[in-house]
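# Close look at the chain arrangement
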Amino acid sequence: MTDNRETQLLASVPNELFIGGEWRAAEGGKTLTVSDPATGDAVKAIADASPSDGKSAMDAASDAFPAWAATSARERSEILRRAFDLLQELKEDFALLMTIEMGKPLAEARGEVAYGGEFIRWFSEEAPRVQGRYGANPEGTGRMIVSQHPVGPCFLITPWNFPLAMATRKIAPALAAGCTVVIKPAALTPLTTLFFAKLLDDAGVPKGVVNVITTSTSSAVSEPIIRDPRLRKLSFTGSTPVGQALLEQSAQGVLRTSMELGGNAPFVVFEDADLDKAVDGALATKFRNIGQACTAANRFVVHRSVVDEFARRVTERVQGFSIGRGTEDGVTVGPLIDDRAVAKAAHLVEDAVKRGAQVRTGGSAVERPGTFFEPTVVTDVQPGSDILREEIFGPVLAIVSFDTEDEAVRIANDTEYGLVSYVFTENLARGQRMIERLETGMMGLNLGVVSNAAAPFGGWKMSGLGREGGAEGIHEYLQTKYTLTPNPY
Ligand code: NAD
């Protein structure tokens, strides 16, 4: 059931594809339905693109590229700044829309609008700061010019868990660099991207610079775009297996790629940690987004001397959480995205228990409409349990213990992933050792949340390639040219 405000908001969200600056139905008028995971109710039907719609989007991005690349950096910067300002005006609408289609509590959805908006502001500031170099070669016989150029039309594929921020983290740097884009959001949460495309149009983004295709057949629509010789760049955020398949497809055209993939973050609590900070950090990293974040801590690795106290405190706090639809006051834990996610969380807990783990609280799906799973704490998780190897992507906090620093490092690094790690210690030298020893692209040292538009977000190992945000982010959409000229004297 949706109230009046929700009905009005949903009616104002476009339900068609955005191609070449026009809203249009999918080929054959096909549609797909978006549902609210908190109720299971259908909320809106939108266009379901075919491969030929994908080609039209690629045509538009390719046609618009030369003119957009030729605009001044200041002009692109000002359009992005207008988009940021418009987002501030519409922040409550964007937050509510994300809560409806994805399920996160409204307070967290507001946090995502702030976080997602920062990428637009950051890259509006970065656009005019792209620089080159000029200098003599070592022999003194020539002058070297190093310049930066937009890579060309880009294909952006985003996941369902952060519907706004994953889109702005790609669109903003691409546009700042002078690239045009086709974006394909996840079929589970496409409404935010459609609403954002309308905002970009209102902000003055020229026709064809941003194109949106929504589809229930991701693979069939995406592959021809990735294999289109006019495409120059693929930026993907999602699971590692899909990222691997897309890298194979990208090899044919030797595409530039950015891959923000899965994680299996360790959260290490040493015996000298400030436990108040560690407990706050644990709850922030584990239960934000109902545990459905690539940066969510997956394995809590806690020193044996403090593990009981840590488990007791997190369990007590988790028992105070309130489950419900994210629009309701006081709700801290919304639904998981779908039935598969609930089944996965249930399997991981069951497998851990079978191998000797103890459930301190939660552990089961919730009997009510929608796809809810109880916030859960499990302790004494044994080596070999699936929960230590697989991305949980749900509200389950799994604890293992260790005795020595070397053992903590070995457990933390014992994964093919390397996105982020969290370390809690009051010992400065130990904190510095962890920076050097943990194999992850990011680290929270005495903090449970690291994301920031000004920082280079990205993983090591099978967590990905490239960085989003920071000074690095725009370079994912730029290519370098070196020119040699003679010594002018
Ligand atoms: P997913 O890989 O199933 O889907 C991601 C996107 O790819 C969606 O748009 C989907 O429609 C599309 N897709 C799926 N199969 C495809 C195919 N064969 N060809 C083309 N497109 C295809 O991931 P998800 O379930 O939407 O998101 C969860 C995953 O994303 C988790 O693994 C999480 O860790 C990861 N993630 C990573 C980051 C990061 O920055 N590293 C951020 C958020 C999410």
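Along every chain, residues carry numbers that run from 1 in the direction the sequence is written. Totals for whole chains, interfaces and linings use all residues, but because this is a predicted model, local features are given only for residues with pLDDT of at least 70 and pairs of side-chain atoms are given and counted only at 80 or more. No hydrogens and no water enter the side-chain calculation; it runs on all heavy atoms of the structure.

### Some remarks on the sheet that holds strand S6 (residues 142–150)
Two strands make a pair as long as DSSP finds a minimum of two bridges between them. Secondary structure is summarised from DSSP: a helix means a run of H or I of at least four residues, a strand means a run of E of at least two, and numbering begins at the N terminus for each. Reading across from one edge, S5-S6-S22 is the order of the 3 strands in this open sheet, with antiparallel pairing throughout. Single-partner strands in this sheet number two, and they are strand S5 (133–136) and strand S22 (478–486). Averaged over all adjacent pairs, the angle separating strand axes in this sheet is 20 degrees, with direction ignored. Relative to S6, S5 runs antiparallel, the two sharing 4 bridges. Bridging from a neighbouring strand, arginine 133 pairs with valine 146 of S6. In this description, a line fitted to the C-alpha atoms serves as the axis of each element, helices being fitted only across the stretch in contact, and the angle between N-to-C directions of two axes falls anywhere from 0 to 180 degrees.

### What about unusual backbone geometry?
In this structure, isoleucine 290 takes a positive phi of about 55 degrees despite not being glycine. Take isoleucine 290: it is sitting in the loop between helix H10 (275–287) and strand S13 (297–303). Buried means the residue's accessible area, taken with a 1.4 Å probe over protein chains only, is under 20% of the maximum for its type, while exposed means over 50%, and partly exposed covers the values in between. Isoleucine 290 sits in the buried class, given a relative accessible area of 1%.

### Remarks on empty space enclosed by the protein
The rule is simple: put a 1 Å grid over the protein atoms alone, call a set of points where a 1.4 Å probe fits but cannot get out a cavity, call an open set with protein on both sides within 12 Å along at least five of seven lines a pocket, and count a residue as lining if it has an atom within 4 Å of a point. Grid points are joined across faces, edges and corners, and a volume is the space filled by probe spheres set on the points. The full count for this structure, using the stated rule, is 4 cavities of 30 Å³ or more. Its boundaries defined by the atoms lining it, the largest cavity holds a volume of some 60 Å³. Lining the largest cavity we find Tyr115, Phe162, Met166, Arg169, Arg288, Cys294, Thr295, Ser451 and Phe457. Broken down by class, the residue content of the lining of the largest cavity amounts to 5 nonpolar, 2 polar and 2 charged. Summarising the domain contributions, the lining of the largest cavity has at least three residues from each of domain 1 (4–261 + 463–468 + 476–482) and domain 2 (265–455). Approximately 50 Å³ is the volume found for the second largest cavity. In this structure, the second largest cavity is lined by 14 residues; those nearest its centre are Pro266, Thr415, Tyr417, Gly418 and Thr440. Contributing elements (two or more residues each) for the lining of the second largest cavity: strand S12 (265–269), helix H14 (405–413) and strand S17 (417–418). Under the scheme applied here, ten amino acids are nonpolar (Ala, Val, Leu, Ile, Met, Phe, Trp, Tyr, Cys and Pro), four are charged (Asp, Glu, Lys and Arg), and all others, including Gly, are polar. Of the residues assigned to the lining of the second largest cavity, the class counts are 6 nonpolar, 5 polar and 3 charged. The domain limits used here are those given by an automatic or database domain assignment.

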